[in-house]
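Structural overview for review
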Amino acid sequence: MTARSPIVVSMGDPAGIGPEIILKARAELGTSIPLLALGDPGVFASTAARLGLPGPAIVDAPDAQLPGDRLAVFPTPHTCSAPVTPGQPDAAHARAITSAIETGVALCRDSKAAALVTAPISKAVLYEAGFSFPGHTEYLAELTAEAPVEGPRGPAMMLSGGGLRVVLATIHLSLRDAIAALTPERIAGIARLTHHALIRDFGIAAPRLALAGLNPHAGEGGALGREEIEIVNPAAAALRAEGIDITDALPPDTMFHAEARAQYDAAVCLYHDQGLIPVKTLDFHGGVNITLGLPIVRTSPDHGTAFAIAGQGVARPDSLIAAIRQAAEIAEHRR
């Protein structure tokens, strides 16, 4: 990987807003960050025509000279096997979607790309075609399972936005299953991974972690639940014994206001919505999903395919632009 290795962006679901926001992001970023889209060139060409933007330039190698005036597209081995209609997802596109992701991972692993940014996919579409992973994060972990990782292995999901970073101890689980999955070991593992990532990927020499409680008022001494006493705080105590700066369980309703956020560099949250609600409240359009503990750098916008507005030219690229910039910053720290 060199200083000018491109950031590669997988196209996501071609019937969603992925191709549109990739083209818009390229138009806004210009040449400030070398950007290479991965996917079906025809999808990007038709989307550009609809938006009135310059058509994409097809490149035959990831290290080719990138054009200065338009989006570069590297065709992936599998393109869309059926016509693409914006807003109408089709399982026939599944192989093209996963091909773009796989190509991005391979380019990063071969040091031909600095980072992978993934545009949104529809898991329902992929499930219909036999996809067996809960989401992008778990799929990327499988694709990189044999590659060595510096530090603790993930994956873990970090969400960043509005000056807040949160990392999730459980991800795509029902609330009932998430609570059942919590153990001191699981919480401590996620916190160690977060601590390491803040040093390596964000340049924070002495990270400060805040740990969210599970119950109202962080259990209120056991009156509102014993998980803090039996699971959460024992994990924090073990981490502090290792030299990691982390709080005991904090009441989740008082740890995300501005004064509280100034006291830590990242919050470890115990279930999906506990972490995503504050990030999306602070920065709904600019949130970024960052995967920790992989051998490659991966970020994504913190939103979905938005089929309801696909093809209308109204999709905002803010979150994708933030994801690209964050990927470039992390890659630079690692480089």
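Anything mentioned here points back to the structure above.
Here the residue index of a chain counts from 1 through its sequence in written order. Totals for whole chains, interfaces and linings use every residue, but because this is a predicted model, local features are given only for residues with pLDDT of at least 70 and side-chain atom pairs only at 80 or more, for both listing and counting. Side-chain calculation: all heavy atoms of the structure are included, whereas hydrogens and water are not.

1. Looking at the pattern of salt bridges
Oppositely charged side chains may form a pair once their charged atoms are brought near each other. Take a side-chain nitrogen of Lys or Arg and a carboxyl oxygen of Asp or Glu: if they are within 4 Å of each other, that pair is a salt bridge. Evaluated as defined, the whole model comprises 11 salt bridges. Between E230 and R226 there is a salt bridge whose closest N-O contact spans 2.8 Å. On the basis of relative accessible area, E230 is assigned to the partly exposed category, the value being 47%. Residue exposure (1.4 Å probe, protein chains only): buried if accessible area is under 20% of the type maximum, exposed if over 50%, otherwise partly exposed. On the accessibility criterion, R226 (44% relative accessible area) is partly exposed.

2. Quick look at the sheet that holds strand β2 (residues 35-39)
Here 12 strands make up an open sheet; going across it, the order is β3-β4-β2-β1-β5-β12-β11-β6-β7-β10-β8-β9 and the pairing mixed. At either end of the open sheet lies a strand with only one pairing partner, and these are β3 (57-58) and β9 (245-250). Sheet topology places strand β8 (residues 208-212) next to β9; four bridges connect them, and they run parallel. Its bridge partner lying in β9, A212 is registered against L250. Set on the sheet, helix α5 (residues 136-143) makes contact with β5 (115-118), β6 (156-161), β11 (288-292) and β12 (298-301); between it and β12 the angle comes to about 160°. A pair of strands is treated as paired once DSSP finds two or more bridges between them. Where helices and strands are cited, they refer to DSSP runs of H or I of at least four residues and of E of at least two residues respectively, numbered from the N terminus. Residue contacts are counted whenever heavy atoms from the two residues lie within 4.5 Å of one another. Only the stretch in contact is used when a helix axis is fitted, and all axes are lines through C-alpha atoms; the angle between N-to-C directions ranges over 0 to 180 degrees.

3. Some thoughts on the pairing of strand β4 (residues 72-75)
In the sheet, β2 pairs with β4 via four bridges, with the strands oriented parallel. In the sheet register, L36 faces β4, and the bridge partner there is A72. Both β3 and β4 contribute to a ladder of two bridges, which runs parallel. Its bridge partner lying in β4, A57 is registered against A72.

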